[in-house]
Amino acid sequence: MNCEQLQDHYELFALGLVEEPERSEIRDHLNRGCKTCRRGVKEAMEMAALIGGAAPQHDPPEALRRRILASAGVEQRPMRWAALWAAAAALSLAGAAYLGYLDWQYAADSSRLRSELRQQQAEVLRLTQAFAILNNPFTRDAAFGNGQPQPPRGRVFWNPEQGVLLIASNLPPAPVGKRYEMWVIPKTGKPVPAGTFQSRADGTAMHLRTGELDVGNTGAFAVTLENEAGADQPTSQPLIVVPAATR
Ligand SMILES: [Zn+2]
């Protein structure tokens, strides 16, 4: 193929989305130093980097997360994640600096960028849902772990329409092959699985179960340690139990 046939595919190539045979064709052009394709792909890459870089500046998921933790009275040791975030930002900058190189690695770089962006969007969505629960006037909440010497500590927020949000600190990451599982325990009947989650290295965890909740029949919320796949019914003593007190 010639450059003219390829020029409509530069953007997709930069995003790692272009199909064969255009993908191989563009790589060939780049590898043999085709100036037209180099310039075209470089511009497309810069655009992709701009789009990818814009999101964190406006809505850093970590800042949102910190606000949520703070509003639940959970302190987060700031160093680790802040350092990771800075490293990620530095990597992005380094990625931008590599724009001059233009070889087949472009595809890999842009696909990494794309997947980072997708993860970030998912995280922002999750945090937005968490905020919605926190800000809803019909949300109730209860603290757990206060006054215990070796606590997981934190707070559960629940809302009849939006679900359950659990925020914890002092919860060490579950061992390899295990995950934490949240349960909604009805006043009558068996515990209902409410999703599995993992805590972070700093011991903070945020787990959100969206969906409707039969508040009138909810007696408590609990967290157990289960196998990675999760369980239908709790198989271990709960680490966290929070009565769903009605007031
Ligand atoms: Zn070309």
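From a predicted model like this one, the values you see are computed outputs, not experimental measurements.

Asker: Sorry, what's going on with the overall build of the chain here?
Answerer: Helix and strand counts for the chain stand at seven helices and eight strands. Considering only intrachain contacts with a sequence separation of at least 6, the fraction spanning at least 24 residues in the chain is 62%. Accessible surface, the chain as shown: approximately 13900 Å² in total, 54% of it carbon and sulfur.

Asker: How should the sheet that holds strand E3 (residues 163-169) be read in this particular structure?
Answerer: Strands in a sheet are paired, the pairing made by backbone hydrogen bonds, and the direction either parallel or antiparallel. In spatial order, the strands read E1-E2-E3-E6; together these four strands make up an open sheet with antiparallel pairing. Of all the strands in the sheet, just strand E1 (140-144) and strand E6 (205-209) have a single pairing partner and so form its edges. Shown here is a sheet whose adjacent strand axes are inclined to one another by a mean of 10 degrees, direction ignored. Of the pairings in the sheet, the one linking E3 to E6 comprises five bridges and is antiparallel in character. Bridge assignment links Ala168 to a residue of E6, and that residue is Ala205.

Asker: Teacher, can you tell me more about the side chain of Thr218 here?
Answerer: Positionally, Thr218 belongs in strand E7 (residues 218-227). On the basis of relative accessible area, Thr218 is assigned to the buried category, the value being 3%. Of note is the side chain of Thr218, whose polar atom sits 2.7 Å from the backbone oxygen of Asp214. Apart from the residues lying within four places of it in its own chain, the contact partners of Thr218 are Val184, Ile185, Pro186, Lys187, Leu213 and Ala244.

Asker: When you look at the confidence of the model for the chain in this model, what are you seeing that I'm missing?
Answerer: Summarising the model, the chain shows a mean pLDDT of 78, and 72% of its residues fall at 70 or more. Low confidence marks residues 96-104, where pLDDT is under 50. Its contacts with residues over four positions away, or in another chain, come to 14 contacts.

Asker: How should the coordination of the zinc ion be read in this particular structure?
Answerer: Octahedral six-donor coordination of a metal ideally yields angles of 90 or 180 degrees, compared with 109.5 degrees for tetrahedral four-donor coordination. In this structure, Cys3 (SG), His29 (ND1), Cys34 (SG) and Cys37 (SG) serve as the protein donors to the zinc ion, at separations of 2.0 to 2.3 Å. Around the zinc ion sit four donor atoms; with metal-centred angles ranging over 93 to 118 degrees, the donor geometry is tetrahedral. All donors to the zinc ion come from one chain, and their sequence spacing reads C-x25-H-x4-C-x2-C. Of the two residues, Cys3 sits in helix H1 (residues 3-6) while Cys37 sits in helix H4 (residues 35-58), which places them 34 residues apart along the sequence. For the residue pair Cys3 and Cys37, the accessibility class agrees, reading buried in each case.

Asker: What exactly am I supposed to notice about unusual backbone geometry here?
Answerer: Trans peptide bonds make up most of the peptide bonds, and negative phi angles are found at most residues other than glycine. Here the phi dihedral of Asn170 falls at roughly 60 degrees; this positive angle occurs in a residue that is not glycine. You can see Asn170 is positioned in the loop between E3 and strand E4 (178-186). Overall, the relative accessible area of 37% leaves Asn170 in the partly exposed class.

Asker: Help me understand helix H3 (residues 22-31), please; the structure alone is not making it clear to me.
Answerer: Each turn of an α-helix holds 3.6 residues, which means side chains three or four residues apart point in the same direction. When H3 is considered as a whole, its buried residues turn out to be Glu22, Ile26, His29 and Leu30. Projected down its long axis, H3 carries its buried residues within an arc of 100 degrees, all on one side. Immediately beyond the C-terminal end of H3, within one or two residues, lies Gly33, with a positive phi of roughly 80 degrees.

Asker: For this particular structure, what's the right way to read the nonpolar core?
Answerer: Ranked by internal contacts, the top residues of the largest apolar core, which has 22 residues, are Val156, Trp158, Val164, Leu166, Phe197 and Phe221. Going through the elements one at a time, E1, strand E2 (153-159), E3, E4, strand E5 (192-197), E7 and strand E8 (240-243) are the ones with two or more residues in this core. Cys3, Leu30, Cys34 and Met45 belong to the second-largest nonpolar core, a separate cluster that totals 13 residues.

Asker: I'm lost on the pattern of salt bridges in this one. Help?
Answerer: Opposite charge on two side chains allows them to pair when their charged atoms are near. For the structure on display, the rule yields one salt bridge. A salt bridge links Asp141 to Arg155, with the nearest nitrogen and oxygen atoms 2.3 Å apart. One end of the pair, Asp141, is in strand E1; the other, Arg155, is in strand E2, and 14 residues separate them in sequence.

The rules behind the values
- Residues numbered from 1 in each chain as written.
- Predicted model: local features only at pLDDT ≥ 70, side-chain atom pairs only at ≥ 80, totals over all residues.
- Heavy atoms only, no water.
- Helix = DSSP H or I, 4+ residues; strand = E, 2+ residues; numbered from the N terminus.
- Contact = heavy atoms within 4.5 Å.
- Areas by Shrake-Rupley, 256 points an atom, 1.4 Å probe, with all protein chains shown as cover.
- Pairing = 2+ DSSP bridges.
- Axes fitted to C-alpha atoms, helices over the stretch in contact; angles between N-to-C directions.
- Buried < 20%, exposed > 50% of the residue type's maximum accessible area, 1.4 Å probe, protein only.
- Polar contact = N/O pair within 3.5 Å; in protein donor to acceptor, adjacent residues only side chain to side chain.
- pLDDT = per-residue confidence, 0-100.
- Donors = N, O, S within 2.8 Å, 3.2 Å for Na, K, Ca; no water.
- Tetrahedral: all angles 85-135°; square planar, octahedral: opposite > 155°, others 65-115°.
- Arc of directions from axis to C-beta.
- Core = buried A, V, L, I, M, F, W, Y, C linked by side-chain atoms within 4.5 Å.
- Salt bridge = Lys/Arg side-chain N within 4 Å of Asp/Glu carboxyl O.

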